[in-house]
Amino acid sequence: MRRNRDAPVDEMGVDKCYDTSAPPQVMRYQVLLSLMLSSQTKDQVTSAAMLRLRQRGLTVDGILQMDDATLGQIIYPVGFWRNKVKYIKQTTAILKQKYGGDIPRTVEELVQLPGVGPKMAHLAMNIAWDSVCGIAVDTHVHRITNRLKWVKKETKHPEETRVALEEWLPRDLWRELNWLLVGFGQQTCLPVNPRCNECLNQDICPAAKRR
């Protein structure tokens, strides 16, 4: 079901949004910003906003020198764009002052940054630092793993799901789980009206059997 790699996350996901030719420190900053923009925003919208930012020169100094109104115009219409302008400016200032313009190297430090949650932190570690510290659980991963009963009891929040999954899922599968299930959730296991009739898991999925 994911063999074709043709879901939005495959073509416009966060790992496709940064400039691969940029210096490593700039690349890592762009990864973090793309994650901040992606919260409650479709991949297509995040990708377009990142392209506009990169055309203006997406660096720590460039963002610090940009006024809030201009930044807002560039990233609109990402979800909660006004809040994200504030968080991006605050986080970028911290990166400049505390980390020499780079991003932190631990999940614990990343989640202390304004506008950065656990899912973003784990993906940042994975993409920017090539380090797998945990499973990145977003709404797709949370929804699907509960439908498949991959958690012992129903979980209410993504962080609860992450802990439950990490208890039993082999660590060598942690990196790919987010990518696999996000694409699956975008194309087949939709939040509303999932396409169970097209799903190869329909015979083993508890949620499909209830429909």
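Throughout, a residue's number is its position along its own chain's written sequence, starting from 1. Residue-level local features of this predicted model are given only where pLDDT is at least 70; pairs of side-chain atoms are given and counted only at 80 or more, and the full residue set underlies all totals for whole chains, interfaces and linings. Side-chain numbers here rest on the full set of heavy atoms in the structure, without hydrogens or water.

Helical segments are the DSSP runs of H or I of at least four residues, strand segments are the runs of E of at least two, and each set is numbered from the N terminus. The helix and strand tally for the protein stands at twelve helices and zero strands. For the protein, the succession of helices and strands along the chain, N to C, is α-α-α-α-α-α-α-α-α-α-α-α. Only C-alpha atoms enter the radius of gyration, while the globule expectation follows 2.2 Å times N to the 0.38, with N the number of residues. Here the C-alpha radius of gyration of the protein, 18 Å, is about what a compact globule of 211 residues would show, namely 17 Å. Overall size of the protein, expressed as C-alpha extent along the three principal axes, is 55 × 30 × 30 Å. Any two residues whose heavy atoms approach within 4.5 Å are treated as being in contact. Sequence separation of at least 24 residues holds for 60% of the intrachain contacts in the protein that already meet a minimum separation of 6. Accessible surface, the protein: about 11300 Å² in total, of which carbon and sulfur atoms supply 50%. When charges are counted, Lys and Arg contribute as positive and Asp and Glu as negative, whereas His and the chain ends are disregarded. Where a charge sits is defined by one atom per residue type, namely NZ (Lys), CZ (Arg), CG (Asp) or CD (Glu). The protein carries 30 positive and 23 negative side-chain charges, and their two centres are separated by 4 Å. The Shrake-Rupley method, run with a 1.4 Å probe sphere, supplies the accessible areas, and residue values consider only the shown protein chains as cover.

Whether two aromatic rings pair depends on their centres lying within 6.5 Å, for rings of Phe, Tyr and Trp, where Trp uses its six-membered ring; planes under 30 degrees apart make the pair stacked, over 60 edge-to-face, and the rest tilted. Summed over all chains, the structure comprises two aromatic pairs. Measuring from ring centre to ring centre gives 5.6 Å for tyrosine 76 and tryptophan 81, while their planes differ by 85 degrees; the resulting arrangement is edge-to-face. With relative accessibility at 24%, the residue tryptophan 81 sits in the partly exposed group. Relative to tryptophan 168, the ring of tryptophan 150 has its centre 6.2 Å away and its plane inclined at 90 degrees; by these criteria the two rings are edge-to-face. Linking tryptophan 150 in the loop between α9 (139–147) and α10 (158–166) with tryptophan 168 in the loop between α10 and α11 (174–187), this pair joins segments that are 18 residues apart in sequence. By definition here, charges over rings are those cases where NZ of Lys or CZ of Arg is within 6 Å of the ring centre and within 35 degrees of the ring normal. In this arrangement the basic side chain of arginine 2 is found over the ring face of tryptophan 179, its NZ or CZ atom lying 4.7 Å from the centre. Here the guanidinium or amino end of arginine 105 rests over the ring plane of tryptophan 129, the centre of that ring lying 4.0 Å away. We call a residue buried when its accessible area falls under 20% of the maximum for its residue type, exposed when it is over 50%, and partly exposed in between, using a 1.4 Å probe and counting protein chains only.

Another point: the nonpolar core. Side-chain atoms within 4.5 Å are what join buried Ala, Val, Leu, Ile, Met, Phe, Trp, Tyr and Cys residues into a set we call a nonpolar core. Leu32, Leu37, Leu53, Ile63, Leu71 and Leu110 are the most contacted members of the largest nonpolar core, which totals 39 residues. Counting residues per element, the ones that place at least two in this core are α2 (24–38), α3 (43–55), α4 (60–65), α5 (68–75), α6 (81–98), α7 (107–110) and α8 (118–129). Residues in contact with leucine 37, not counting those within four places in the same chain, are Thr46, Ala49, Met50, Leu53, Ile75, Val78, Lys84 and Ile88. With 22 residues, the next largest nonpolar core counts Val9, Leu177, Cys205 and Ala208 among its residues.

Under the 1.5 Å per step criterion, the end-to-end length of α6 is 25 Å for 18 residues, consistent within 8% with the ideal 26 Å. Considered for burial, the residues of α6 that qualify are Lys84, Val85, Ile88, Lys89, Thr91, Thr92 and Leu95. Residues of α6 that are buried in the fold lie against α2, α4 and α5. Just past α6, the residue glycine 100 takes up positive phi, approximately 65 degrees. By this rule, a helix spans an expected 1.5 Å times one less than how many residues it contains.

Two cysteine sulfur atoms form a disulfide, by the criterion used here, when they sit within 2.5 Å. Summed over the entire model, instances satisfying the criterion amount to zero disulfides. Unpaired in terms of disulfides, cysteine 199 finds its nearest cysteine sulfur in cysteine 205, a separation of 6.6 Å. Accessibility expressed as a relative area gives 10% for cysteine 205, which makes it buried.

We define a salt bridge as a side-chain nitrogen of Lys or Arg found within 4 Å of a carboxyl oxygen belonging to Asp or Glu. All chains considered together, the criterion is met by nine salt bridges. In this structure, the salt-bridge partner of lysine 96 is aspartate 61, at a minimum N-O distance of 2.8 Å. Of this pair, lysine 96 sits in helix α6 while aspartate 61 sits in helix α4; the two residues are 35 residues apart in sequence, bridging distant segments of the chain. By relative accessible area, which is 41% here, lysine 96 ends up partly exposed.

Their axes nearest at 9 Å, the elements α9 and α10 cross at an angle of 55 degrees. One finds that α9 runs oblique with respect to α10. As for how α9 packs across α10, the hand of that crossing is left-handed. Along its contact with α9, which presents Val141, His142, Thr145 and Asn146, the element α10 presents Pro158, Thr161 and Leu165. For the contact of α9 with α10, a count of residues per class yields three nonpolar, four polar and no charged. For helices, the axis comes from a line fit to the C-alpha atoms of the stretch in contact; other axes are also lines fit to C-alpha atoms, and the angle between any two N-to-C directions lies between 0 and 180 degrees. Orientation is classified from the angle alone, with under 35 degrees giving roughly parallel, over 145 giving roughly antiparallel, 65 to 115 giving roughly perpendicular, and any other angle giving oblique. Crossing chirality is assigned from the near helix's rotation relative to the far helix, an anticlockwise turn below a right angle marking it left-handed and a clockwise turn marking it right-handed. All residues other than Ala, Val, Leu, Ile, Met, Phe, Trp, Tyr, Cys, Pro, Asp, Glu, Lys and Arg, Gly among them, are scored as polar; the first ten of these are nonpolar and the last four charged.

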